[in-house]
Amino acid sequence: MIFTVAVDGPAAAGKGTISRALAGHFGFAHLDTGLLYRAVGAKGGDPVAAAQGLTPGDLARDDLRSLAAGEAASRVAAIPAVRAALVAFQRDFARREGGAVLDGRDIGTVICPGAEVKLFVTASPEVRAHRRWLEVGGDEAQVLAEVIARDARDMNRAEAPLRPAADAVLIDTSSLSIDEAVARAAALVAARRG
Ligand code: CDP
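First, a word on what this report is: a plain description of the structure on this page. (Residues numbered from 1 in each chain as written. Predicted model: local features only at pLDDT ≥ 70, side-chain atom pairs only at ≥ 80, totals over all residues. Heavy atoms only, no water.)

**Comments concerning the overall build of the protein**
Phase 1 of the analysis: In terms of regular secondary structure, the protein is built from 10 helices and 5 strands.
Phase 2 of the analysis: Taken over the C-alpha trace, the protein has a radius of gyration of 16 Å; the compact-globule value for 194 residues is 16 Å, and the two agree within 12%.
Phase 3 of the analysis: Taking the principal axes of the C-alpha coordinates as reference, the protein spans close to 45 × 35 × 30 Å.
Phase 4 of the analysis: Within the span of the protein, comprising 194 residues, buried residues form 46% of the whole.
Phase 5 of the analysis: Looking at the protein alone, contacts between residues at least 24 apart form 76% of all its contacts between residues at least 6 apart.
Phase 6 of the analysis: If you sum the accessible surface of the protein, you get close to 8800 Å²; carbon and sulfur atoms cover 57% of it.
Phase 7 of the analysis: Once the 23 positive and 24 negative side-chain charges of the protein are each reduced to a mean point, those two points are 3 Å apart. (Helix = DSSP H or I, 4+ residues; strand = E, 2+ residues; numbered from the N terminus. Rg over C-alpha atoms; globule rule 2.2 N^0.38 Å. Buried < 20%, exposed > 50% of the residue type's maximum accessible area, 1.4 Å probe, protein only. Contact = heavy atoms within 4.5 Å. Areas by Shrake-Rupley, 256 points an atom, 1.4 Å probe, with all protein chains shown as cover. Lys, Arg positive; Asp, Glu negative; His and termini not counted. Charge placed at Lys NZ, Arg CZ, Asp CG, Glu CD.)

**Quick word on the site of the ligand**
Phase 1 of the analysis: As a structural note, the neighbourhood of the ligand is formed by 19 residues, with Arg38, Arg83, Arg132, Arg150 and Asp154 the closest of them.
Phase 2 of the analysis: With respect to the ligand, the side chain of Arg132 contributes an N or O atom lying 2.6 Å from an oxygen atom.
Phase 3 of the analysis: Within the complex, the protein chains bury 97% of what would otherwise be the 530 Å² of accessible surface of the ligand.
Phase 4 of the analysis: Of all the secondary-structure elements, those providing two or more residues to the shell around the ligand are helix H2 (34–43), helix H5 (67–76) and helix H9 (140–156).
Phase 5 of the analysis: Tallied by class, residues from the shell around the ligand come to 5 nonpolar, 4 polar and 10 charged. (Near = heavy atom within 4 Å. Polar contact = N/O pair within 3.5 Å; in protein donor to acceptor, adjacent residues only side chain to side chain. Nonpolar A, V, L, I, M, F, W, Y, C, P; charged D, E, K, R; others polar.)

**Some words on the side chain of Thr4**
Phase 1 of the analysis: Tracing the backbone shows Thr4 in strand S1 (residues 4–8).
Phase 2 of the analysis: On the basis of relative accessibility, which here comes to 1%, the residue Thr4 falls in the buried class.
Phase 3 of the analysis: Within polar-contact distance, the side chain of Thr4 engages the backbone oxygen of Ala94 at 2.8 Å.
Phase 4 of the analysis: Non-local contacts of Thr4, meaning those with residues more than four positions away in its chain, are made with Ala94, Arg95, Ala100, Leu102, Cys112, Ala115, Glu116 and Val117.

**Concerning the sheet that holds S1**
Phase 1 of the analysis: Within the open sheet, the 5 strands sit side by side as S2-S3-S1-S4-S5. Their pairing is parallel. Taken across any chain shown, the strands that pair with only one partner, and hence form the sheet edges, are strand S2 (29–32) and strand S5 (169–172). Averaged over neighbouring strand pairs, the angle between their axes works out to 20° when direction is ignored.
Phase 2 of the analysis: Direction of pairing for S1 relative to strand S4 (residues 117–122): parallel, over a ladder of 4 bridges. Counted as the bridge partner of Asp8 is Phe120 from S4. (Pairing = 2+ DSSP bridges. Axes fitted to C-alpha atoms, helices over the stretch in contact; angles between N-to-C directions.)

**A closer look at the packing of H5 against H9**
Phase 1 of the analysis: In contact at an axis separation of 10 Å, H5 and H9 are set at 15° when each is read in the N-to-C sense. When the axes of H5 and H9 are compared, the pair comes out roughly parallel. Between H5 and H9 the crossing geometry is left-handed. Together, Leu67, Gly70, Glu71, Ser74 and Arg75 of H5 and Val143, Glu146, Arg150, Arg153 and Asp154 of H9 make up the contact between the two elements.
Phase 2 of the analysis: Considering only residue class, the contact of H5 with H9 consists of 2 nonpolar, 2 polar and 6 charged. (Parallel < 35°, antiparallel > 145°, perpendicular 65-115°, else oblique. Left-handed = near helix turned anticlockwise from the far one by under 90°.)

**Looking at the environment of Ala6**
Phase 1 of the analysis: Mapped onto the elements of the fold, Ala6 is located in strand S1.
Phase 2 of the analysis: Measuring from C-alpha to C-alpha, the distance between Ala6 and Gly114 comes to 9.4 Å, with 108 residues separating the pair along the chain.
Phase 3 of the analysis: Not counting chain neighbours up to four residues away, the residues in contact with Ala6 comprise Leu102, Ile107, Gly108, Ala115, Val117, Lys118 and Leu119.

**Brief notes about the pattern of salt bridges**
Phase 1 of the analysis: Counted according to the given criterion, the structure contains 12 salt bridges.
Phase 2 of the analysis: Each member of the salt-bridge network shares a partner with another, and the members are Glu71, Arg75 and Arg153. (Salt bridge = Lys/Arg side-chain N within 4 Å of Asp/Glu carboxyl O.)

**A look at the nonpolar core**
Phase 1 of the analysis: Within the largest apolar cluster, 20 residues are counted, with the highest numbers of intra-cluster contacts made by Val5, Ile18, Leu22, Phe28, Val101, Leu119 and Val189.
Phase 2 of the analysis: Counting 12 residues, the second-largest nonpolar core is a separate cluster that includes Ala94, Leu102, Ile111 and Cys112. (Core = buried A, V, L, I, M, F, W, Y, C linked by side-chain atoms within 4.5 Å.)

Structural data, given as structure tokens:
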């Protein structure tokens, strides 16, 4: 059974939580594609060489979730050759036997335009910054400024900008609980699977 769920959206919208829950519920594999860009940014040196030579060890670093790693990820993610180096791995993952959920920025638009289900998960910048602040702490106003700056960079880059696919279903999690958001997403997957 080949079945791909593409989950895109801006930082801290709830993509990861929804994707992990869907994968667990339906027995699909899950790939957090942001981790690939975070690992490339964290590796330092030439980002294109880093993307081409990415190893499982690079993805296992424990510092990839920091705000600084997110910032570095969004910078290297604007480089077309970096994105190109990561396409085949993501597409192979998406079409593996047993079903897959991939979350990121360009899954429904570029990586898997034929995905069986496409979700665009979003929330207001204030809600997203508050969630990120609960994870990382520090000055909440600064976290908000960084979230807004990263969104702008992701949406305005020339290569694979963040935007919903034409046929994506929008889930705004600003005033949804995790359970409500997951239930909405799971209902869409269940309906498509028949
Ligand atoms: O968890 P959060 O949403 O903050 O970030 P992430 O999903 O780990 O992504 C970090 C950065 O990687 C994003 O800001 C994007 O610039 C980039 N990214 C991308 O360009 N394409 C993807 N499919 C996933 C992430």
